Amino acid sequence: MTEPSSRKKRPKPNSDTASNAAAESKARPSKRGIGPPEQVKKVSAGKPVPPAEANNHALLSAGLDYISQGISVFDSELRLVASNARLFELLDFPLELAALGTPFEAFMRHNAERGEYGPGDIEKQVRERVELAEKFSKHYIERTRPDGMVIAVQGTPLPHGGFVSVFTDITEQRKNEIELSGRSAVLEERVKERTAKLSAANKELRKMIEAQKKMESALVQAKKMEAVGRIAGGLSHDFNNLLTVILGNLEALRERYEDWEEIVDHLEPAIRAARRGAASTRQLLAFARRQPLQPVPVDVASLMADMVPLLRRSMGTIEIAVMSKTGDSLCCALADPHMLENALLNLAMNSRDAMPSGGLLSMEIERVRHDGRALFDAQVPQGDYVQISVRDTGLGIDKDIFPRVFEPFVTTKDAGSGTGLGLSLVYGFVKQSGGFIKIDSERGTGTCVTFLLPYSSTGVETTEPLVPSVSAGEVGEKLVLLVEDEEDVRSIIRHQLSEYGYMVVEARDARQAMHLIDTIQGIDILISDVMMPGPMNGLDLAKHARVVRPAMRVVLISGYVEQMDRSSGDESDFPLLRKPFDKSELFKLIAGSA
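Parameters and conventions
Residues numbered from 1 in each chain as written. Predicted model: local features only at pLDDT ≥ 70, side-chain atom pairs only at ≥ 80, totals over all residues. Heavy atoms only, no water. Helix = DSSP H or I, 4+ residues; strand = E, 2+ residues; numbered from the N terminus. Buried < 20%, exposed > 50% of the residue type's maximum accessible area, 1.4 Å probe, protein only. Areas by Shrake-Rupley, 256 points an atom, 1.4 Å probe, with all protein chains shown as cover. Pairing = 2+ DSSP bridges. Salt bridge = Lys/Arg side-chain N within 4 Å of Asp/Glu carboxyl O. Lys, Arg positive; Asp, Glu negative; His and termini not counted. Polar contact = N/O pair within 3.5 Å; in protein donor to acceptor, adjacent residues only side chain to side chain. Axes fitted to C-alpha atoms, helices over the stretch in contact; angles between N-to-C directions. Contact = heavy atoms within 4.5 Å. Patch = residues over 30% accessible without salt bridge, like charges linked within 9 Å, V, L, I, M, F, W, Y side chains within 5 Å. Phe/Tyr/Trp six-rings, centres within 6.5 Å; stacked < 30°, edge-to-face > 60°. Arc of directions from axis to C-beta. Charge placed at Lys NZ, Arg CZ, Asp CG, Glu CD. Expected span 1.5 Å × (residues − 1).

Draft legend 1. Structural context of the overall build of the chain. Along the chain, the regular secondary structure elements total 15 helices and 17 strands. Across the 594 residues in the chain, those meeting the buried criterion constitute 44%. Carbon and sulfur atoms provide 53% of the accessible area of the chain, an area that totals close to 31,300 Å².

So, in structure tokens, the structure goes:
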């Protein structure tokens, strides 16, 4: 017996099912067996079955009944030759069809009439299956009966025509496979979920590692910049002392020989060169964060607006845009206004040089609050800041030089076109102001420098630093205590003070100066360098003098101010003169007209 099917895959035999069925068949007599020989004598098409053949058929059928699978054998004329009880149990065929010689068509018609093959023309269903069986080809199909039983049918052609078919109940096997498939699907879904979680965790870990690497890189760069800053600060301090001596002597020579044109012609270029050197050292000090600052609340938007007319005159065809993202509210940063203006000017000039054919320079201001996770040149602590961005549409910065753009003497310009101190000055000013900075740039797409300054909620202050005054008529009566550890610098300042009629006593360090203040009652003015050897610096000395001699005027001078505690605000009481300086600057500050 054979049936057509679209399923071609042959499943592995279910040994457990077959064994169980065999055991069951042996344990109980067949209810649908072929029966005694007299029953087998029934014939199809009116042909009688000889007794001997009937006996042999009955014997064969009885033996086949002990097989757990259903079996049918049809001859070349598609008539039943042999079958077993298991076949009729599995397919629920009536026993009448078990007679020897029953045509294959009778089995197919019985199935079609009871709807085993679904709706449709019964004659067509029967004819199709008979035509397929007449081909006597090897086949395997699986069919699910209306009661849900799944039968596997394997047909094999015989050598002399006809075929034998084996019917196997694979219902449990298929249920197990479906259950296993369901479990596999659940397991696969769990694996997918676990894989997704692991992937997300791995992605988050990679982000954390990348952030850690960035922080480590920023820390290394910060340490490097700190080391370079210390070197630059030390060099600038020494150079400022040298330039103070050079400028002091050159200016003294120029005053003495001002009528000697030939000498003056040589002195003027030397003085100008010394002053250019002084300007460069000031920029180095800015990078090294050793310059004296006077931080006050600054309205950044107003400061930028005041700068725009000046910038427009020097920017040519470059368009300038200033935008505040804070609306009409005041956005004040705690910074030195002059140094902030200088930093913005440096950035604007860099942008101008990067846009030789014109472009857009935009400055943006915004009050921001960081949660402690933002990364600029270092991790930004939680708090409120004023964020300033200077953006251009210029040439951008090459990748090979990008990591070093804040270092002194590193420049993107052609040789001889710049000192490489502009960005260094900005970096130093921002860091000394307690801020943070970063730069984004790509060759050909422009550059954006963004920095944060501490936000001030106190509003703009209008008070000026206290500056002592000295009237011209009092000069000759004043005694000055000059404190400077560099002998040549001390000598120059002493000569300059003497020229104006001041009486001068000198000290090499703060300890010696304190002794003089305590023992000499007539000291009217203290002029002290800030950086000196020993445990006390000039600021400590000035504070001591203010306590023991409240009426004493104090002027501080310095190449850089490393140890002044700007958090206390005490230094704002003392006017500060930056080295190198000329004689006129010194006396303007003493006289209070600066």
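Draft legend 2. Expanded view of the pairing of strand S1 (residues 70–74). Of all five residues making up S1, five are buried, and the element is well covered by its neighbours. Here S1 shows a buried face lined by Gly70, Ser72 and Phe74 and a second buried face lined by Ile71 and Val73. Relative to strand S5 (residues 163–169), S1 runs antiparallel, the two sharing five bridges. Paired with phenylalanine 74 across the two strands is phenylalanine 163, which belongs to S5.

Draft legend 3. Here's a closer look at the pattern of salt bridges. Overall, the coordinates contain 22 salt bridges when judged by the stated rule. Between arginine 114 and glutamate 116 there is a salt bridge whose closest N-O contact spans 3.3 Å. Overall, glutamate 116 belongs to the buried group, its relative accessible area being 9%. Across the pair glutamate 364 and arginine 391 runs a salt bridge, and its minimum N-O distance is 3.8 Å. Taken together, the residues glutamate 364 in strand S9 (residues 360–370) and arginine 391 in strand S10 (residues 383–392) connect sequence positions 27 residues apart. Assessed through its relative accessible area of 15%, glutamate 364 is described here as buried. Taken together, the shared-partner salt bridges in this structure form one network comprising Arg114, Glu116, Arg143, Arg145 and Asp147.

Draft legend 4. Fine view of the side chain of aspartate 169. Mapped onto the fold, aspartate 169 is located in strand S5. Of the side chains bearing the opposite charge, arginine 86 lies closest to the buried aspartate 169, which forms no salt bridge; the N-O distance is 4.4 Å. Among the polar contacts listed, one links the side chain of aspartate 169 to the side chain of threonine 171, at a separation of 2.6 Å.

Draft legend 5. Spatial organisation of the sheet that holds strand S11 (residues 436–442). Read across the sheet, five strands follow the order S7-S9-S10-S12-S11 without closing on themselves; strand pairing throughout is mixed. A strand with exactly one partner marks an edge of an open sheet, and here the two such strands are strand S7 (319–324) and S11. Each neighbouring strand pair of the sheet contributes to a mean axis angle of 15 degrees, computed without reference to strand direction. The sheet strands contacting helix H9 (residues 300–315) are S7, S9 and S10, and the helix crosses S9 at an angle near 165 degrees. Along the sheet, helix H10 (residues 337–354) contacts S9, S10 and strand S12 (446–454); its crossing angle with S10, the most-contacted strand, is approximately 30 degrees.

Draft legend 6. Molecular detail of a nonpolar patch on the surface. Among the surface-exposed residues, Leu205, Met208 and Ile209 lie close enough to one another that they form a single nonpolar patch of about 280 Å² accessible area. Inspection of the secondary structure puts leucine 205 in helix H7 (residues 171–256).

Draft legend 7. Fine view of the environment of arginine 508. Relative to the helices and strands, arginine 508 is located in the loop between strand S14 (503–507) and helix H13 (510–519). You can call arginine 508 exposed: its relative accessible area is 51%. Between the alpha carbons of arginine 508 and aspartate 529 there is a distance of 9.9 Å; along the sequence they are 21 residues apart. Once residues lying within four places of it in the same chain are set aside, the contact partners of arginine 508 are Glu484, Asp485, Arg490 and Met532.

Draft legend 8. Here's a closer look at the packing of aromatic side chains. For the coordinates displayed, the defined rule picks out 10 aromatic pairs. When the centroid spacing of 5.1 Å and the interplanar angle of 70 degrees are considered together, the rings of phenylalanine 93 and phenylalanine 107 count as edge-to-face. Taken as a pair, phenylalanine 93 in the loop between helix H4 (85–91) and helix H5 (104–113) and phenylalanine 107 in helix H5 lie far apart in primary sequence, 14 residues in all. As far as the burial class goes, phenylalanine 93 and phenylalanine 107 line up, both buried. Measuring from ring centre to ring centre gives 6.1 Å for phenylalanine 136 and phenylalanine 163, while their planes differ by 55 degrees; the resulting arrangement is tilted. Placement of phenylalanine 136 in the loop between helix H6 (122–133) and strand S3 (139–144) and of phenylalanine 163 in strand S5 is noted, with a sequence separation of 27 residues between them. A relative accessible area of 2% means that phenylalanine 163 is categorised as buried. An aromatic cluster is defined as three or more aromatic residues linked by ring pairs; in this entry it consists of Phe74, Phe88, Phe93, Phe104, Phe107, Phe136 and Phe163.

Draft legend 9. Representation of H5. If you check which residues of H5 are buried, you get Phe104, Phe107, Met108, Asn111 and Ala112. Along the axis of H5, the buried residues cluster in a sector spanning 130 degrees; they form a single face. For H5, the elements touching its buried residues are S1, strand S2 (80–83), H4, H6, S3 and S5. Looking at the residues trailing H5, positive phi occurs at glycine 115, about 85 degrees.

Draft legend 10. Representation of the side chain of threonine 171 in the model. Among the structural elements, threonine 171 can be located in helix H7. Of note is the side chain of threonine 171, whose polar atom sits 2.8 Å from the backbone nitrogen of valine 150. Each residue touching threonine 171, except ones within four places of it in the same chain, is listed here: Gly148, Met149 and Val150.

Draft legend 11. Local environment of a negative patch on the surface. Side chains of Asp121, Glu128, Glu131 and Glu134 sit close together on the surface and give a patch of like negative charge. Tracing the backbone through its elements, the reader meets glutamate 128 in helix H6. Relative accessible area serves as the criterion here: at 39%, glutamate 128 is assigned to the partly exposed category.

Draft legend 12. Highlighting H10. Compared with an ideal rise of 1.5 Å per residue, which puts 18 residues at 26 Å, H10 spans 26 Å between its outermost C-alpha atoms and is within 8% of the ideal. Met339, Leu340, Ala343, Leu344, Asn346, Leu347, Ala348, Ser351 and Ala354 are the residues of H10 that are buried. The opening residue of H10, the one whose side-chain oxygen lies 3.0 Å from the backbone nitrogen of histidine 338, is aspartate 336.

Limitation: the analysis is restricted to geometry and does not speak to function.
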